[in-house]
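# Fold and geometry: a report
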Amino acid sequence: MLKLSRFLAILVLLSGCSAAVESRLDLVRGTYMTAGESQFAGDGNLGLLINADKKFHDGDIAGADAMYEEFNRKNTDVTSGDFWREATNFAFGANANDYRPFMMDTLFVSYYQLWAAIADGRWNDARVIINQSYARQQNMSVAYKKLVESNQKEIAEHTETADKIERWAAYRDIMNPALMYLSGIYFLTAGDFNDAVTYLGRAHGMVPENGFVVDDLNLAQSKKKPKNTIWIFIEDGFAPKLTERRTSLPLVVDKGLSLVTVAVSQPILLNGNVTIDGAEQIANVDAMFMTEYNEYHTNEVLRAVAAAAGRAALQATMFNSDSDAAQILGLLSLIYSESTTNAEVRTWATLPKTISVLRVKNNGLIDLKSHGNVIAKVNIETPGNYLVYVRLADGRQDIKIMKTK
């Protein structure tokens, strides 16, 4: 009984590693846009993403852009495999590695860099960002298709370990329709109608029910520039969070008590999105995240089962060794196994839940209402075409007004 009590105490102590990461991410969401996001300042990719987002909201556009560029330099190819990364995961757990971005993370970096270029009036840079982002999306689409095909084979071969996962379907391949629409508006207001038709057509293909996209596509096809028009992009809520789900099974070996633990992530869709009267959804980030997560999760489950088997074998070998210190070696191997068994729960926590767009004529003061109640105001002082960025989260807001070309 004493051995079992000690065993369970060790299990409780060692199962908190991913929980600590989850708590830090919850703190980032809870203090979003009101405090310095320093919880992940030294955490490589994740620190770059969260702190660049913070700089953007603080109005430090150049600082945010520099951090996004640093992220791009570090992650020239987020779709390739990495043997040493997988080896480190197996030996020391998921948290021993730098955060590996989702494909959608890199597309949101392009999305925010495009906003930054427009805000600074760097029109040539904006065009470069658009071209680079589309090339990146094309490469990711190919990689994503291969991932899906590979997982289908894995599931067929491991039906006993690969859980049935709900299949989400966001957009064709792995695209960001908000980025496509913003790119199309950039070209439309600049009078570059051929490129406008291309990008607005792509956005329409992903969100065919959005009437604002249809209106702008019709303008581009008619080679007409909009006049005194305001496009308000509204981000609200937060994208899904990941939590760790651990399953542990004690196993009695000849000279000790071993433990087989499988740790995998589990998504939680967060509440708190705000519906703006008259706005139409341009991107369902929940669906984008889940569509990609499902495919990675299949791999995660298979790797977690394999890792658990390997660690259980190590424990059994230590406990059953002929050494006089077999009990100590077995206990040390158990502690090692449990401390290095954790799921990847890190995500770009400040991404929105949804992005909607409101397209209105320029008439000075614009009230953003939710169910008839004014929750934010946009004041346009002079005539012209404008792009407006709005971020809403738990009563907090950031509004940036940008005149187009």
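Above this text is the structure in question.
Below you will find a few notes about this structure. (Residues numbered from 1 in each chain as written. Predicted model: local features only at pLDDT ≥ 70, side-chain atom pairs only at ≥ 80, totals over all residues. Heavy atoms only, no water.)

Along the protein, the regular secondary structure elements total 12 helices and nine strands. Within the protein, residue pairs in contact and separated by at least 24 positions form 73% of the contacts whose partners lie at least 6 positions apart. Counting every atom, the protein has about 17800 Å² of accessible surface; 54% of that belongs to carbon and sulfur. (Helix = DSSP H or I, 4+ residues; strand = E, 2+ residues; numbered from the N terminus. Contact = heavy atoms within 4.5 Å. Areas by Shrake-Rupley, 256 points an atom, 1.4 Å probe, with all protein chains shown as cover.)

Turning next to the nonpolar core. Judged by nonpolar contacts, the single largest core of 87 residues is most densely connected at F108, Y111, W115, Y181, I232 and F233. By residue number, the principal contributor to this core is helix 6 (residues 103-120), which donates 10 residues. Residue contacts for I232: discarding those within four places in its chain leaves S356, V357, L358, I366, L368, V378, V388 and V390. One finds M103, L107, A143 and V148 within the second-largest nonpolar core, a separate group that totals six residues. (Core = buried A, V, L, I, M, F, W, Y, C linked by side-chain atoms within 4.5 Å. Buried < 20%, exposed > 50% of the residue type's maximum accessible area, 1.4 Å probe, protein only.)

Here we come to the pairing of strand 8 (residues 386-393). Across the eight residues of strand 8, eight count as buried, placing the element largely inside the fold. What you see with strand 8 is no split at all: Y386, V388, V390 and L392 on one side and L387, Y389, R391 and A393 on the other are buried throughout. Sheet topology note: the strand 1 (residues 229-236)/strand 8 ladder contains seven bridges and is parallel. The partner of W231 across the bridge, within strand 8, is L387. In this structure, strand 8 lies alongside strand 9 (residues 396-403), joined through eight bridges in antiparallel fashion. Looking at strand 9, one finds that R391 is bridged to D398. Taking the residues between adjacent antiparallel strands as the criterion, strand 8 and strand 9 are bridged by two residues, where D394 takes a positive phi near 50 degrees. (Pairing = 2+ DSSP bridges.)

Here helix 3 (residues 44-58) is 15 residues long and its end C-alpha atoms lie 21 Å apart, about the 21 Å a rise of 1.5 Å per residue gives. Regarding helix 3, the residues found buried are N45, L46, G47, L48, L49, I50, N51, A52, D53, K54, F56 and H57. Taken together, the buried residues of helix 3 touch helix 2 (17-30), helix 4 (61-74), helix 6, strand 8 and strand 9. Within two residues after helix 3, G59 carries a phi angle of roughly 90 degrees, on the positive side. (Expected span 1.5 Å × (residues − 1).)

Moving on, we come to the side chain of D286. The topology assignment puts D286 in helix 11 (residues 285-319). Under the relative-accessibility criterion, D286 is labelled buried at 5%. A polar side-chain atom of D286 sits 2.6 Å from a polar atom in the side chain of K353. (Polar contact = N/O pair within 3.5 Å; in protein donor to acceptor, adjacent residues only side chain to side chain.)

With that out of the way, let us pick up the sheet that holds strand 9. Strands belonging to one sheet form pairs held by backbone hydrogen bonds; the direction of such a pair is parallel or antiparallel. As summarised here, the arrangement of the five strands in space is 4-5-1-8-9, forming an open sheet in which the pairing is mixed. Each having just a single partner strand, strand 4 (280-284) and strand 9 make up the two edges of the open sheet. On average, adjacent strands in this sheet sit at an angle of 20 degrees to one another, irrespective of strand direction. Along the sheet, helix 6 contacts strand 1, strand 5 (354-361), strand 8 and strand 9; its crossing angle with strand 8, the most-contacted strand, is approximately 130 degrees. (Axes fitted to C-alpha atoms, helices over the stretch in contact; angles between N-to-C directions.)

Moving on: the packing of aromatic side chains. Scanning all chains against the criterion turns up 19 aromatic pairs. Here F56 and Y389 contribute two aromatic rings whose centre-to-centre distance is 5.2 Å and whose plane-to-plane angle is 90 degrees, an arrangement assigned as edge-to-face. Here F56 is found in helix 3, whereas its partner Y389 is found in strand 8, with 333 residues between them in sequence. Take F56 and Y389: they sit in the same class, and that class is buried. Between Y134 and Y199 the ring centres are 6.0 Å apart and the planes differ by 75 degrees, which places this aromatic pair in the edge-to-face class. (Phe/Tyr/Trp six-rings, centres within 6.5 Å; stacked < 30°, edge-to-face > 60°.)

All right, on to unusual backbone geometry then. Not every positive phi belongs to a glycine, and M33 is a case in point at roughly 70 degrees. Structurally, the position occupied by M33 is in the loop between helix 2 and helix 3. Under the relative-accessibility criterion, M33 is labelled buried at 16%. Even without being a glycine, K223 presents a positive backbone phi close to 55 degrees. Relative to the assigned elements, K223 resides in the loop between helix 10 (211-221) and strand 1.

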